[in-house]
Amino acid sequence: SDNTLTKPAVTFTTGRFIVTGAHQIFSNLNISGEQVTTAQMDITPRCKVHRCRIECTAANAAGRALYAWFDAGATGPIVVTDSWLKATSSAEVIFATFSNPLVIEDNVLDGGSNSFQADVVAAPIILEGNVMDSPGADAVIITGAGPSLLYLCGNSIYNSGGDGVELAVVPGVTFVENNIFSTIGGY
């Protein structure tokens, strides 16, 4: 059918969509499922997700819609643009652990316990132009070793049950500007 109207669907009961290797672009896919132990989609550095819908419907704290993970020896960023990502209130929308740059730009991050969480990340993180709506806990949380750069600009963060932005460690360089915070449960 016309993928501008209906995206081709990849639906899992317990499986997941795993991307390894480099220089791959995934566009116009509808990926969903009930993954309870990890992410619905795993992606490695040097790959791009563009105009996709990714949803984790599992009500489980270990579930995630997207997991950006470290690939030993790989160089280059993970890029997620113009996509819609959703998780239930107990799962996370995006979780990242890696040493490669991460660009999350112009997406909708809907629901989840946290909209975006990064843990033990040494590389730059760019969160720009996203809408983060109704996370149960924090919209953005950085834990573990902090990134060398955090660029958090032009985002709209709504209805967060916890903090709008929580930094457990201060990144090397931090830009937080031109964001909208509305109805935030914490600071």
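Keep in mind that what you see is a predicted model, and the values were worked out from it rather than measured. (Residues numbered from 1 in each chain as written. Predicted model: local features only at pLDDT ≥ 70, side-chain atom pairs only at ≥ 80, totals over all residues. Heavy atoms only, no water.)

Caption draft 1: View of the side chain of Ser-156. Mapped onto the fold, Ser-156 is located in strand E19 (residues 156-160). On the basis of relative accessibility, which here comes to 13%, the residue Ser-156 falls in the buried class. With sequence-adjacent residues up to four places away left out, Ser-156 is seen in contact with Asn-130, Val-131, Met-132 and Ile-180. (Helix = DSSP H or I, 4+ residues; strand = E, 2+ residues; numbered from the N terminus. Buried < 20%, exposed > 50% of the residue type's maximum accessible area, 1.4 Å probe, protein only. Contact = heavy atoms within 4.5 Å.)

Caption draft 2: Representation of the pattern of salt bridges in the model. The full count for this structure, using the stated rule, is three salt bridges. The salt bridge partner of Asp-42 is Arg-16, with a shortest N-O separation of 2.5 Å. Here the residue Asp-42 occupies a position in strand E5 (residues 39-43), and Arg-16 occupies one in the loop between strand E1 (9-11) and strand E2 (17-18), the gap between them amounting to 26 residues. The salt bridge involving Arg-53 is made with Glu-55; its shortest N-O contact spans 2.2 Å. (Salt bridge = Lys/Arg side-chain N within 4 Å of Asp/Glu carboxyl O.)

Caption draft 3: Broad picture of the sheet that holds strand E15 (residues 125-128). Taking strand neighbours across the sheet as the criterion, the seven strands line up as E3-E6-E9-E12-E15-E18-E21 in an open arrangement whose pairing is parallel. Strand pairing shows two members of the sheet lacking a second neighbour, strand E3 (24-27) and strand E21 (173-177), which therefore form its edges. Within this sheet the neighbouring strands show an average axis-to-axis angle of 5 degrees, counted without direction. Here four bridges tie E3 to strand E6 (residues 47-50), and the two strands are oriented parallel to one another. Its bridge partner being in E6, Ile-25 is matched across the sheet by Lys-48. (Pairing = 2+ DSSP bridges. Axes fitted to C-alpha atoms, helices over the stretch in contact; angles between N-to-C directions.)

Caption draft 4: Expanded view of the sheet that holds strand E10 (residues 84-87). Sheet architecture is open: eight strands sit in the order E1-E4-E7-E10-E13-E16-E19-E22, paired in parallel fashion. This sheet does not close on itself; its edge strands, each paired only once, are E1 and strand E22 (180-184). Mean inter-strand twist for the sheet, computed between neighbouring axes without regard to direction, equals 5 degrees. When E1 meets strand E4 (residues 30-33), the two strands line up parallel, connected through three bridges. Bridging from a neighbouring strand, Ala-9 pairs with Asn-30 of E4.

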